[in-house]
Amino acid sequence: MPEIITAKVPIGVSACVYRCPVRYNGKSFDAVSMLGREGQDFAFTPVCPECMAGLGVPRMPIHLSGPGQDVLAGTARVKDRRGHDVTEALVAGSRACLDALERAGVRAMIVKEASPSCGVFKARVGRKRNEQIEGAGVFGAMLLDTGWFLIPDSALANPLLWWDWRRRLHAWLWLSDREIARSKDIYDAWHVLKFIVQETDRPLADRIGRELAALPTNAPQALLDAMRDDILGALRKPSTRPRIKQAMWKTYVHAKKSGTLSGIDLHDLTVNSPEVSENLMQLVKELTVLERVSFENDLLFGTSPVIRRDGRRVAAREKESPPDASAT
Ligand code: SF4
């Protein structure tokens, strides 16, 4: 059976990609409208560390003399175009945003990439447009310390990219919330999540498989926690279109062969082999249909093993076919 999340997911978002006109030039981006109705699955908390720093809109762009981690360590500074030092203000603004996100129960955030404040995976450090470094901005460095699930705004630019980030986010939240107190708990969690990890990080999946095979019945908590952290880390890694397609096809063929899909209405599903070229929208459509079919038929679709459904729909489905109905 797929694992189901029913609660709305609290998620932070850089305010400027949530259509708030808070950029230095008073403009904004719109990364979230492509979510359409799916946006209702989330409770968004938009934050802007530069606004909370009191820098105002419009304002002069800022630049860093080193990565955000160095700014927090006191070895790099933040200045505006006129050379005014705004380091303390930006650190304070970033802390205020982090406090607000914690109050909102956030553990995942959509960040504006390349920003000297919000950037996580790359940040513009110098004054020139092309001076980007691998590293985080000031607020981004704080976010990295939290251990949250961080999503670049570019993930929302393409439906397949977003599908991949969303399914990994749901899997990550599910594992983060799960009690892992005994060896059996980590075995069970691995059984649900291994297909994604095999897809995103095969060497790690093989290592975890070996470690699980050697795990004593009463493994120490520290070892269980380390294994959980490894899996959570693997769930943060993006997949690729060919890998997603291959995994979807393998899961589908396996389900067909084992007979678990027999007698099930597959609607307009075509699921081609990985060699057949398929446009991106068709691929996303087929993945979404497989998620729905697995939910409606209590099947584990390994490519997307944790899905979010509205609590009322889950309750209606359970009423329709109670879990023990098939036991008779
Ligand atoms: S990138 Fe971050 S600091 Fe910059 S405008 Fe957007 S929300 Fe504000």
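The structure this text deals with has already been given above.
Rules and cut-offs
- Residues numbered from 1 in each chain as written.
- Predicted model: local features only at pLDDT ≥ 70, side-chain atom pairs only at ≥ 80, totals over all residues.
- Near = placed C-beta within 6 Å.
- Nonpolar A, V, L, I, M, F, W, Y, C, P; charged D, E, K, R; others polar.
- Pairing = 2+ DSSP bridges.
- Helix = DSSP H or I, 4+ residues; strand = E, 2+ residues; numbered from the N terminus.
- Axes fitted to C-alpha atoms, helices over the stretch in contact; angles between N-to-C directions.
- Core = buried A, V, L, I, M, F, W, Y, C linked by C-beta atoms within 7 Å.
- Buried ≥ 20, exposed ≤ 12 C-beta atoms within 10 Å, placed from the backbone.
- Domains from an automatic or database assignment.
- Contact = placed C-beta atoms within 7 Å.
- Parallel < 35°, antiparallel > 145°, perpendicular 65-115°, else oblique.
- Left-handed = near helix turned anticlockwise from the far one by under 90°.
- Expected span 1.5 Å × (residues − 1).
- Arc of directions from axis to C-beta.

(A) The site of the ligand, seen in detail. Around the ligand sit S14, A15, C16, V22, R23, C48, P49, E50, K112, S115, S117 and C118, and that is every residue in its neighbourhood. Residue classes in the shell around the ligand are distributed as six nonpolar, three polar and three charged.

(B) Fine view of the sheet that holds strand β3 (residues 42–47). In spatial order, the strands read β3-β2-β6-β9; together these four strands make up an open sheet with parallel pairing. If you trace the sheet from one side to the other, it starts and ends with β3 and β9 (149–152), each paired once. When the angles between neighbouring strand axes are averaged without regard to direction, this sheet yields 25°. Inspection of the sheet shows strand β2 (residues 9–14) paired to β3 by six bridges, in the parallel sense. Note that in β3 the partner of G12 across the bridge is T45.

(C) Layout of unusual backbone geometry. Put simply, V57 and P58 share a cis peptide bond, and its omega is -5°. With respect to the element layout, P58 can be found in the loop between α1 (49–52) and β4 (62–64). With a phi angle near 70°, A114 is a residue other than glycine that sits in the positive phi range. On the secondary structure map, A114 appears in the loop between β6 (108–111) and β7 (122–124).

(D) A look at the nonpolar core. With 69 residues, the main nonpolar core has M109, I110, A171 and I231 as its most contacted residues. Looking at this core, the element that brings in the most residues is helix α5 (residues 159–177), giving nine residues. Three or more residues apiece are contributed to this core by two domains, here domain 1 (3–156) and domain 2 (178–328). When residues no more than four places from it in sequence are discounted, the contact partners of I231 are L175, L193, V197 and I208.

(E) Representation of the packing of α5 against helix α8 (residues 221–235) within the structure. Contact geometry of α5 with α8 gives a least axis separation of 9 Å together with a crossing angle of 165°. Viewed along their axes, α5 and α8 adopt a mutual orientation that is roughly antiparallel. For the pair α5 and α8, the crossing hand works out as left-handed. Here R168, A171, W172, L175 and S176 of α5 come into contact with α8, specifically with R228, I231, L232 and L235. Each residue belonging to the contact of α5 with α8 can be placed in one class, and the counts come to six nonpolar, one polar and two charged.

(F) The arrangement of helix α10 (residues 280–296) in detail. Taking 1.5 Å per residue, 17 residues should reach 24 Å; α10 reaches 24 Å between its end C-alpha atoms and fits that length. Listing the buried residues of α10 in full gives E286, L287, L290, E291 and S294. For α10, the buried positions fall inside an angular range of 140° around the axis, keeping them on one side. Positive phi shows up at D298, right after α10, with a value of about 55°.

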